[in-house]
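What the coordinates show
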Amino acid sequence: MIRLTEEDFRGDRYKNHPDELRGNNDLLVITRPDVIADIHNDFLAAGADILETNTFNGTRTSQVIPTSCCIW
């Protein structure tokens, strides 16, 4: 099991982001591509023939964090 910290999700690019980013797995493609590559390689080593990446939450709309000031 891979244990990632808040700093792993932030990387250098998002180190000053005002919100918590831990759990935002789509950011790992940018901040920790080595982790994503390791996961893919583990699947290939286990016999997978096809790899697919879930980027459904990699859109601008999905990445917006609503706050109490916003009315939807």
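What counts and what doesn't
Within every chain, residues take consecutive numbers counted from 1 along the sequence as written. Per-residue local features of the predicted model are confined to residues with pLDDT of at least 70, and side-chain atom pairs are confined, for both listing and counting, to 80 or more; whole-chain, interface and lining totals are unaffected and use all residues. Calculated side-chain values reflect all of the structure's heavy atoms, with hydrogen atoms and water omitted. Helix numbering and strand numbering both begin at the N terminus, where a helix is a DSSP run of H or I of at least 4 residues and a strand a DSSP run of E of at least 2. Exposed residues in this analysis have more than 50% of their type's maximum accessible area, buried residues have under 20%, and partly exposed residues fall in between, with area computed by a 1.4 Å probe over protein chains only. Computed by Shrake-Rupley with a 1.4 Å probe, the accessible areas treat only the displayed protein chains as cover when residues are assessed. Each patch groups residues whose relative accessible area exceeds 30% and which form no salt bridge, using 9 Å between like charges and 5 Å between nonpolar side chains of Val, Leu, Ile, Met, Phe, Trp and Tyr. For this document, the term salt bridge refers to a Lys or Arg side-chain nitrogen within 4 Å of an Asp or Glu carboxyl oxygen. Only heavy atoms matter for contacts: two residues are in contact if any of them lie within 4.5 Å across the pair. Within this scheme, the nonpolar core is defined by two criteria: the residues are buried Ala, Val, Leu, Ile, Met, Phe, Trp, Tyr or Cys, and they are joined through side-chain atoms within 4.5 Å.

Looking now at the overall build of the protein. Helices and strands together make up the secondary structure of the protein, namely four helices and zero strands. When the helices and strands of the protein are listed from N to C terminus, the series reads α-α-α-α. The buried share among the 72 residues of the protein stands at 19%. On the protein, roughly 6,100 Å² of surface is accessible, and the fraction owed to carbon and sulfur atoms is 52%.

Taken together, Phe43, Leu44 and Leu51 make up a surface patch of nonpolar side chains, about 280 Å² in accessible area. Given a relative accessible area of 42%, Leu44 falls into the partly exposed group.

A few words now on the environment of Asn24. Take Asn24: it is sitting in the loop between helix H1 (6–10) and helix H2 (28–31). Considering only alpha carbons, one finds Asn24 and Asn57, 33 residues apart in sequence, at a separation of 8.6 Å. Every residue in contact with Asn24, bar those within four places of it in the chain, is listed here: Phe9 and Gln63.

Glancing now at the pattern of salt bridges. Tallying each qualifying case throughout the model produces three salt bridges. Two residues, Asp8 and Arg32, come together in a salt bridge whose shortest N-O distance is 2.6 Å. In this pair, Asp8 is assigned in helix H1 and Arg32 in the loop between H2 and helix H3 (33–45), connecting sequence segments 24 residues apart. Note on Asp8: relative accessible area 16%, which makes it buried. Residues Arg32 and Asp34 are paired through a salt bridge, measuring 2.8 Å at the closest nitrogen-oxygen approach. Within the structure, one salt-bridge network assembled from shared partners comprises Asp8, Arg32 and Asp34.

Leu4, Phe9, Tyr14, Leu21, Leu27, Leu28, Val35 and Ile36 together form the largest nonpolar core, which totals eight residues. Contact partners of Leu27, with chain neighbours within four places excluded, come to Phe9, Tyr14 and Leu21.

Here the focus is the environment of Ile36. Tracing the sequence through the fold places Ile36 in helix H3. In contact with Ile36, not counting residues within four places along its chain, are Leu28 and Val29.

On their own, these measurements won't tell you what the molecule is for.
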